[in-house]
Amino acid sequence: MLREYDIYLSRDYVYAIIKKYQEVGIIIPVKAEKTSFVQDKTQILTELKLLKKKNYASKNPAYNFNFNYSPFRVALDLTQRSNLKCSHCRTKSDDKNNWQIFIVTNGILLKPKITAKLAELKIDNVQVSLDGSEEIHNKIRGMPNAYRLTIYGLELLKEHKVNFSLRTTLSRINMGEIPYLLKISERLGCKHTISLALPSGKAKSFDKNIFISAKEQRTIYEKFQAIKNELPHVEFRIPFFEILEGKPRRCLAGKSYFAIKSNGDIVGCKLLPEYIEGNVKRESVKEVWLNRNSFSRFRQFLIKDERCSVCKYFKMCNGGCRVTAQNLCGDFSARDPWCPL
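Everything quoted here is computed from the prediction, not taken from an experiment.

Caption draft 1: Layout of the packing of aromatic side chains. One pass over the full model with this rule turns up 9 aromatic pairs. On the basis of an interplanar angle of 35° and a centroid distance of 5.4 Å, the ring pair of F258 and W289 is categorised as tilted. With F258 in strand β8 (residues 257-260) and W289 in helix α9 (residues 285-290), this residue pair connects regions lying 31 residues apart in the sequence. For the ring pair F258 and F295, a centre distance of 6.1 Å and an interplane angle of 40° mean the geometry is tilted. Here F258 is found in strand β8, whereas its partner F295 is found in the loop between α9 and α10 (296-299), with 37 residues between them in sequence. Taken as a pair, F258 and F295 share a single burial class, namely buried. Across from the ring centre of F332, 5.3 Å away, lies the NZ or CZ of R297, which sits over that ring. Note that R299 overlies the ring of W289, its terminal NZ or CZ placed 4.8 Å from the centroid.

Caption draft 2: Geometry of the pattern of salt bridges. Scanning all chains against the criterion turns up 10 salt bridges. Across the pair K117 and E120 runs a salt bridge whose closest N-O atoms are separated by 3.5 Å. Taken as a pair, K117 and E120 lie in helix α3 (residues 112-121) at a separation of 3 residues, close to a single helical turn. Under the relative-accessibility criterion, K117 is labelled partly exposed at 21%. Owing to a relative accessible area of 54%, E120 belongs among the exposed residues under this scheme.

Caption draft 3: Spatial organisation of unusual backbone geometry. If you check the backbone angles, K161 has positive phi at about 60° while not being a glycine. Assignment of secondary structure puts K161 in the loop between α5 (146-159) and β5 (164-170). Judged by relative accessible area, K161 falls into the exposed class, the value being 76%. At F295, a residue that is not glycine, the phi angle is positive and equals roughly 55°. Of the residues examined, F295 reaches a relative accessible area of 1% and is grouped as buried.

Reading the values: rules and limits
Residues numbered from 1 in each chain as written. Predicted model: local features only at pLDDT ≥ 70, side-chain atom pairs only at ≥ 80, totals over all residues. Heavy atoms only, no water. Phe/Tyr/Trp six-rings, centres within 6.5 Å; stacked < 30°, edge-to-face > 60°. Helix = DSSP H or I, 4+ residues; strand = E, 2+ residues; numbered from the N terminus. Buried < 20%, exposed > 50% of the residue type's maximum accessible area, 1.4 Å probe, protein only. Lys NZ or Arg CZ within 6 Å of the ring centre and 35° of its normal. Salt bridge = Lys/Arg side-chain N within 4 Å of Asp/Glu carboxyl O.

Quick look at the structure:
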């Protein structure tokens, strides 16, 4: 089931794709209710497309500031409905170049008819979440037969030659499942992304000890470094250690990225939904993005910790993730508590 899009502002092709997804049941429409804006999605996409225009912001002095360019990425949540009760409740798509369409799914609704349609549509990638062996995966996903249905869905994707990959969200619940999961992705012959569970959404109510500490992250990363040449299909996304390899991992919320929730709220980061900048049912997306007062928490924050000011990696991380700072430290401007340095 498709629950989210990353909207890359490129082609009208998206209109036809959304319609086709609805026809085959990949998107489950939200029931008609006052909080939903899904019926207006074409209008929203049209507004987002207008942000492609360059330098128009300088025509209005009220918008004359550093964020007078279009966002690189916009996440559009089409629904809050879900067929599982995933404890970490976190999804993501990624883009490399030009227009690409990714579906992030738990895989349990994949049936022969839907999978055949995905093959026909030539989807760039279907990313399926798998978090461990049967007992662990079912526990995390909150459904007794989730594992069996997900594996069935993966086999269908392979059978229909749909480009797919695995995604694992890592916490202390499934940290010991990594060897098992790597065997699964190797057997399926697909790429495998492993990232960390973040304290947001349902996961925010977790005991803080459920999240993998900076020390444990270092251990996992070092073990992976020792064998990564044997696992070319696997990508570990552990931000601070990617930074040590020279890969910038700055927070882009409100700077080159924002999200639109299923009720129309515009937020800088979908994992910090409490910071609302506007609503598409009342305001233009363009006006919200270009307003000098919008996203100020993300655009103007200063890290309070002096260790960051003298750190040689600061320009590559800008103090780390604001989700972990806010929800683990209780301070949006705190240094990321998962920093290993």
